[in-house]
Amino acid sequence: QFYKYISHCHYHRTKPKSKRNKPDTMATLSPLHSLLPPSFVYGTIAGFILFNIFYRLSPILTSFLGTKSFQQKIALLKHEDGKFWNYHSLLPSTVHAIAQVVGTYSMVFHGRDGYDLASDAATGTTAAADPSSSPAIIFDDRTIVPYGITHLGPAVWMGIFVGYLVADALSSGSFR
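Now for a description of the structure that goes with this document. (Residues numbered from 1 in each chain as written. Predicted model: local features only at pLDDT ≥ 70, side-chain atom pairs only at ≥ 80, totals over all residues. Heavy atoms only, no water.)

## Let's talk about helix H4 (residues 38-65)
The terminal C-alpha atoms of H4 lie 39 Å apart, and with 28 residues this matches the ideal 40 Å at 1.5 Å per residue to within 8%. At Ser58, H4 shows its strongest bend, of approximately 30 degrees, with the proline Pro59 following within four residues. For H4, the set of buried residues is Pro38, Ser39, Phe40, Gly43, Gly47, Phe51, Asn52, Tyr55, Ser58 and Thr62. (Helix = DSSP H or I, 4+ residues; strand = E, 2+ residues; numbered from the N terminus. Expected span 1.5 Å × (residues − 1). Bend = angle between axes of the 7 residues up to and from the residue. Buried < 20%, exposed > 50% of the residue type's maximum accessible area, 1.4 Å probe, protein only.)

## Looking at the packing of aromatic side chains
How two aromatic rings sit relative to each other is set out by the distance from centre to centre and by the angle between their planes. Applying the stated criterion to the full structure yields three aromatic pairs. With 5.8 Å between their ring centres and 15 degrees between their planes, Phe51 and Tyr55 make a pair best called stacked. Of this pair, Phe51 and Tyr55 are both found in helix H4, four residues apart, which corresponds to roughly one turn of the helix. Overall, the relative accessible area of 2% leaves Phe51 in the buried class. With a centroid separation of 6.0 Å and 65 degrees between ring planes, the pair formed by Phe70 and Tyr87 is classed as edge-to-face. Taken as a pair, Phe70 in helix H5 (residues 68-76) and Tyr87 in helix H6 (residues 83-88) lie far apart in primary sequence, 17 residues in all. For Phe70, a relative accessible area of 36% puts it in the partly exposed group. Aromatic ring contacts, followed pair by pair, group Phe51, Tyr55 and Tyr164 into a single cluster. (Phe/Tyr/Trp six-rings, centres within 6.5 Å; stacked < 30°, edge-to-face > 60°.)

Structure follows, in structure tokens:
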């Protein structure tokens, strides 16, 4: 269901305009939709939500997995400015760092497999005939892509990074 919805949204964003040149409903409703690819927005929302889930999971894991002395030391951090928040932001930061490495460095694991397919679709030419088919030149803003470990596009991973940073900044002690 989710993949059908994403494909449907991507189709309506990229389909050719009709002869009457009606304005795209999504573009008129949301100015962000015309500025940012939907895959980036999906990633931003996911990064924001995932940070908050892991931030709230950290105290639960500490209480279940930590020893009594460790839990007492963590409880003392409540009295020191910012250190309690810093400790509980370590879990989402670590999960985010691992996910970004796995998601964004897919070329290290897979080489150019699938990137040529993305450039063929974007340029309409074959990769051998077009020297500009490098993934460094053609940006693939699709949500689901045929390459990489996770098959999530680069814009999704950029959005996850931005969503994580926004959630981390908003939850920090300096904004309270």
